[in-house]
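Chain by chain, the residues run as shown.
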Amino acid sequence: MNPALTRCDVAIVGAGIIGSACAEACAAGGLNTVLIDSDFPGGGITACGMGHIVVMDDSAAQWALTARSRELWMRRAASLPDDIEYDACGTLWIAANRAEMDAVEEKVAMYRQHDVHAQILNSAELARAEPDLISRLSGALLVRDDAVIYPPAAAQHFAANAATLGAVMRFGQRVQVIEPGRIYFVDGTMLDAERIVVAAGLASNDLLPNLPLRARKGHLVISDRYPGRVRHQLVELGYLHSAHASDADSVAFNVQPRRNGQILIGSSRQFDATDTAIDAPLLAHMLERAVGFLPFLRDVQVLRSWTGLRPATRDGLPLIGPSAQHASIWLATGHEGLGITTATATAELIAAQLLGRTCAIPPAPYWPTRFASETTHAVA
Ligand SMILES: Cc1cc2nc3c(=O)[nH]c(=O)nc-3n(C[C@H](O)[C@H](O)[C@H](O)COP(=O)(O)OP(=O)(O)OC[C@H]3O[C@@H](n4cnc5c(N)ncnc54)[C@H](O)[C@@H]3O)c2cc1C
């Protein structure tokens, strides 16, 4: 396809992991596709994420999207380039007390009912699986097939595949305005597109008015290399409460082994904190929480800490499908803390709906029109 092209079937604004995956799926479906980014693929919030591919069960719709996404990741795992660092290390959901162990028992039944491998570990089995954890824990739920990846490399891989399939890449070009059928760039050029998919993360708010999207800030810390000290993604079961049940600032023990031995330590959540500065007291609180589970972390060499603003919606589900503003303008954003996981099924849903094909999971729970009463201000 000609890079100077001025008309296409679908233009995707934003080459984070979501937009890049959508471009790959659209191009694979035979759509004449253009992928646009003001910068380069995977350089936005995708570069700030933890890269945990995880099945989550807050709601039936969240389960469907994360389980389908993880299945799609697993199917292509063997063919992913090495720099994506796909590591099927599994998740250990740690129960600190008897009440949390009861929750583990409920969860395991639900996971098994959906054919997702899950196994209960008692206190001794948990100690064998992760010898550096404190000893007074009650046990854990092991979700064997959850994985870890390096997200920016995945976004770049999806974009490169899209290009191989014939999609046109327009990187280093900022979109200024979109209107039905047309994109205006800051540099004065234009692109006509039958459908526009806005996948610009939180910056989607700058392109469409009144989106139900808000920032949820997170902090992460990365250590020097300590190979073998952490073997699974370790998450306290209390994380489920802190991540999803409240608007208050929160921290939770959430630690990830990187393939090179580095340890990625999270996590924090703050709603509507729009600056990206490190909040030192919150960061200290987050690290204390991690040391409370893994005491050796007190002595590790910390290399770097950073923050990222997750694009969040009020109901915890992303916006995938035609916008409330205009039927030709679509959204693929609002994935909050699960966008790395759910990029694969998001792309599948977008491409299937654009192509008029049957979706692998019901698409309606993610349609942006569920917030229609808040977003009815029409685009030109
Ligand atoms: C601390 C933290 C930890 C996380 N951990 C995990 C995890 O373990 N697992 C998980 O699944 N998810 C995780 N996430 C969430 C995940 O990182 C995000 O949901 C995901 O990266 C969102 O991707 P995106 O493509 O929507 O956005 P982005 O990566 O932000 O991409 C948007 C792109 O749009 C471009 N853009 C914006 N405006 C314009 C414009 N006007 N013109 C052209 N281009 C434009 C930007 O340059 C950018 O490249 C985490 C997030 C954070 C902050």
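(A) Examining helix α9 (residues 339–354) more closely. Along α9, the sharpest change in direction is near 30° and occurs at A345. Within α9, 15 of the 16 residues are buried, which leaves the element mostly enclosed by the surrounding structure. Just past α9, the residue G356 takes up positive phi, approximately 70°.

(B) Spatial organisation of the packing of aromatic side chains. Within the structure shown, the criterion is met by 4 aromatic pairs. Between W63 and Y111, the aromatic rings sit 5.0 Å apart at their centres with planes inclined by 80°, giving edge-to-face as the arrangement. In this pair, W63 is assigned in helix α2 (residues 60–76) and Y111 in helix α3 (residues 98–113), connecting sequence segments 48 residues apart. Y111 matches W63 in its accessibility class, with the two residues each being buried. Each ring, one from Y226 and one from F296, has its centre 6.5 Å from the other, and the planes form 65°; the classification is edge-to-face. One end of the pair, Y226, is in the loop between β12 (214–225) and β13 (233–236); the other, F296, is in the loop between α8 (280–293) and β16 (302–312), with 70 residues separating them in the sequence. Sitting over the face of the ring of F271, R214 holds its NZ or CZ atom 3.7 Å from the ring centroid.

(C) How the structure looks around the pattern of salt bridges. Counting across every chain of the model gives 20 salt bridges. Linking R98 and D102 is a salt bridge whose minimum nitrogen-to-oxygen distance equals 2.9 Å. Pair noted here: R98 and D102 are both in helix α3, with a separation of 4 residues, about one helical turn. Shared partners join several salt bridges into a network, and the residues in it are R68, E71, R75 and E348.

(D) Quick peek at the confidence of the model for the chain. For the chain, mean pLDDT is 94; residues scoring 70 or higher make up 95% of the total. Scored below 50 in pLDDT, residues 376–380 shows 12 contacts in the model against residues more than four places distant or in partner chains.

(E) Spatial organisation of the nonpolar core. Counting 49 residues, the largest nonpolar core has I12, I17, W73, I149 and I350 as the members making the most contacts within it. Counting only elements with at least two residues in this core, the list comes to β1 (7–13), α1 (17–28), α2, α5 (151–164), β18 (329–333) and α9. Sort the elements by how many residues they give to this core and α9 lands first, with 9 residues. Once you skip the residues sitting within four places of it in the chain, I12 turns out to touch G19, C22, A23, C26, T33, V34, L35, I36, V197 and A199. Within the second largest apolar cluster, 28 residues are counted, among which are L142, A290, F296 and L297.

(F) Region of interest: the sheet that holds strand β5 (residues 119–122). Pairing in this open sheet of 8 strands is mixed, and the strands run β5-β6-β4-β13-β14-β15-β12-β16 from one edge to the other. The sheet terminates laterally at β5 and β16, the two strands that pair on one side only. Here the strands of the sheet are splayed against their neighbours by 25° on average, with no regard to which way each runs. As paired elements, β12 and strand β15 (residues 262–271) share 5 bridges and run antiparallel to each other. What sits directly across from R225, in β15, is Q262. The strands touched by α8 are β4 (91–95), β12, β13, β14 (250–257), β15 and β16; relative to β14, the strand with the most contacts, the crossing angle is about 60°.

(G) Focus on the site of the ligand. Around the ligand there are 32 residues in total, and D37, T46, V175, E336 and T341 lie nearest to it. Residue I17 places a main-chain N or O atom 3.3 Å away from an oxygen atom belonging to the ligand. At 3.3 Å, a backbone N or O of G51 approaches an oxygen atom of the ligand. A total of 1000 Å² of accessible area belongs to the ligand in isolation, and the protein chains cover 94% of it. Of all elements in the fold, only α1, β16 and α9 reach the threshold of two or more residues within the shell around the ligand. For the shell around the ligand, the class distribution of residues is 13 nonpolar, 15 polar and 4 charged.

The rules behind these values
- Residues numbered from 1 in each chain as written.
- Predicted model: local features only at pLDDT ≥ 70, side-chain atom pairs only at ≥ 80, totals over all residues.
- Heavy atoms only, no water.
- Bend = angle between axes of the 7 residues up to and from the residue.
- Helix = DSSP H or I, 4+ residues; strand = E, 2+ residues; numbered from the N terminus.
- Buried < 20%, exposed > 50% of the residue type's maximum accessible area, 1.4 Å probe, protein only.
- Phe/Tyr/Trp six-rings, centres within 6.5 Å; stacked < 30°, edge-to-face > 60°.
- Lys NZ or Arg CZ within 6 Å of the ring centre and 35° of its normal.
- Salt bridge = Lys/Arg side-chain N within 4 Å of Asp/Glu carboxyl O.
- pLDDT = per-residue confidence, 0-100.
- Contact = heavy atoms within 4.5 Å.
- Core = buried A, V, L, I, M, F, W, Y, C linked by side-chain atoms within 4.5 Å.
- Pairing = 2+ DSSP bridges.
- Axes fitted to C-alpha atoms, helices over the stretch in contact; angles between N-to-C directions.
- Near = heavy atom within 4 Å.
- Polar contact = N/O pair within 3.5 Å; in protein donor to acceptor, adjacent residues only side chain to side chain.
- Areas by Shrake-Rupley, 256 points an atom, 1.4 Å probe, with all protein chains shown as cover.
- Nonpolar A, V, L, I, M, F, W, Y, C, P; charged D, E, K, R; others polar.

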